[in-house]
Structure formats: C-alpha cells, structure tokens
Amino acid sequence: MWPTEKIRIYYESEFGLNVWSRNDPDQYFAAANNYMVYKHRELYTEFDLDVARFKVGYQRLQDPTVLFLSHWMGAANLEASLGNIGIRLFVGQLPDNTFEGMMVDDNNFIHDNITWGVDGEMYFLQKRLKIAGGFIGVHDDRITHKPLILYTPFLGIEYSDDFFHGKEYGLMQAGKWENSG
C-alpha cells in the first residue's frame, strides 16, 4: 500500500498446513498430525528520503551471510546509498513473553534481546562485484542475571553476472555470557 509516493506500508503473512514435520516448532500442539498456521510475518512503514530509506515496524533483519542474523523483530532500519556505496544502520528488539507477557503495556524493556548493527557495501565492475562488511551486536538479557553480549564482525565478497553467482564471507564472534559456565 502506498499512502503517498514517498511512504509505503508493507504487510506480509503466511498461511498453511504443517505437512513437513511432526516436530514443527510453529505447532501449538506437537501431537497434532496437521495444523493450520496463520502467521503475521512483517508489518512496517518505509519512508523514501531520496538518498536514504527508513523502515520502522515489525520486519525481517538479516546480515548478508544469513548465518548470524535472520529474524523477524520490531526494528528501525536506515539504509543510505550514494553511487556505488551503501550503508545500513539498524536496531531491533525481541521482547521475552516469559517475563513480560504478550501485552504491549506490560513491556518494561528489561528482559529483552536488543540487536543492533552497521554494515556497508561497495560495488565494482558495473555492480557485478560487491565487497561488504559490518558489525552486529546482540545484548540478550532474557535470562535473569545472565546477560549474553555478542559481537559479530563480518567481511565478504560477492560476484554475480548472467551465468554465475557466488559469495564468500568470513565472520568472527566474540562475547561474554555473564554468570555462566
């Protein structure tokens, strides 16, 4: 939906049966043979600011490798590009309903998983070659008195033309899990 030329509202949902596995994590009752599922996947507003785009709402955040971050969450995402250079800044939050319940007014922002990051990319060879790098941080305080803090820098290269697409990334992860073994 496009309320104006510069503002877009996105909604994505998923409807289907659990026919692939009896141990589907999306099932309400694990002993059920099949189960109709309706999920609200994304609901966010995107603002086109000419050289930048700002998205806010419930959306899927991914790192370019999709190895560390690929999750739906409430987030704010700012992407800017100028010529062959692009940059993205984001912050997202996954509330924990164990401690806070499902109601919006019950959220105290104490036992949450906060994810944030910055990454960039630069294109070469008429946009066939891309070099990308960035840094993602996670502060997970869902287990009381045991916060998990992770930092994941990454760097990679991608090549794509009419006949071939390949990418190679390296990731490193460092962090601390307080009061843990």
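Here, the structure is the one placed above.
Just so it is clear, the model here is predicted, and its values are computed rather than measured.

**Describing the side chain of T65**
Position of T65 relative to the elements: it lies in the loop between β3 (52-62) and β4 (70-82). The class for T65 is buried, based on a relative accessible area of 13%. With sequence-adjacent residues up to four places away left out, T65 is seen in contact with Y169 and L171.

**Notes on the environment of D161**
Relative to the helices and strands, D161 resides in the loop between β8 (148-160) and β9 (165-171). Residues D161 and R128, 33 residues apart in the sequence, show an inter-C-alpha distance of 6.0 Å. A polar side-chain atom of D161 sits 2.9 Å from the main-chain amide nitrogen of F163. Of note is the side chain of D161, whose polar atom sits 2.8 Å from the backbone nitrogen of F164.

**Side note on the pattern of salt bridges**
According to the stated counting rule, one finds eight salt bridges in the structure shown. Among the salt bridges present, the one from D50 reaches K6, with a minimum N-O distance of 2.6 Å. Of this pair, D50 sits in the loop between β2 (36-48) and β3 while K6 sits in the segment before β1 (7-17), placing them 44 residues apart in sequence. For D50, a relative accessible area of 63% corresponds to the exposed category. Its relative accessible area of 34% is what places K6 among the partly exposed residues. Taken together, the salt bridges that share partners define one network made up of E46, R53 and E79.

**Some thoughts on the layout of surface pockets**
Over the atoms a probe the size of a water molecule is rolled, and this reveals where empty space is left. Considered as a void within the structure, the largest pocket measures approximately 500 Å³ in volume. As for the largest pocket, its lining consists of 27 residues, of which R53, E79, R88, D119 and E121 are closest to the centre. Put simply, the parts of the chain that give the lining of the largest pocket at least two residues each are β3, β4, β5 (85-95), β6 (112-124) and β7 (129-140). Among the elements that line the lining of the largest pocket, the one with the most residues is β3, at five residues.

Cut-offs and rules
- Residues numbered from 1 in each chain as written.
- Predicted model: local features only at pLDDT ≥ 70, side-chain atom pairs only at ≥ 80, totals over all residues.
- Heavy atoms only, no water.
- Helix = DSSP H or I, 4+ residues; strand = E, 2+ residues; numbered from the N terminus.
- Buried < 20%, exposed > 50% of the residue type's maximum accessible area, 1.4 Å probe, protein only.
- Contact = heavy atoms within 4.5 Å.
- Polar contact = N/O pair within 3.5 Å; in protein donor to acceptor, adjacent residues only side chain to side chain.
- Salt bridge = Lys/Arg side-chain N within 4 Å of Asp/Glu carboxyl O.
- 1 Å grid on protein atoms, 1.4 Å probe; cavity = no way out; pocket = protein on both sides within 12 Å on 5 of 7 lines; lining within 4 Å.
- Points joined across faces, edges and corners; volume = space filled by probe spheres on them.

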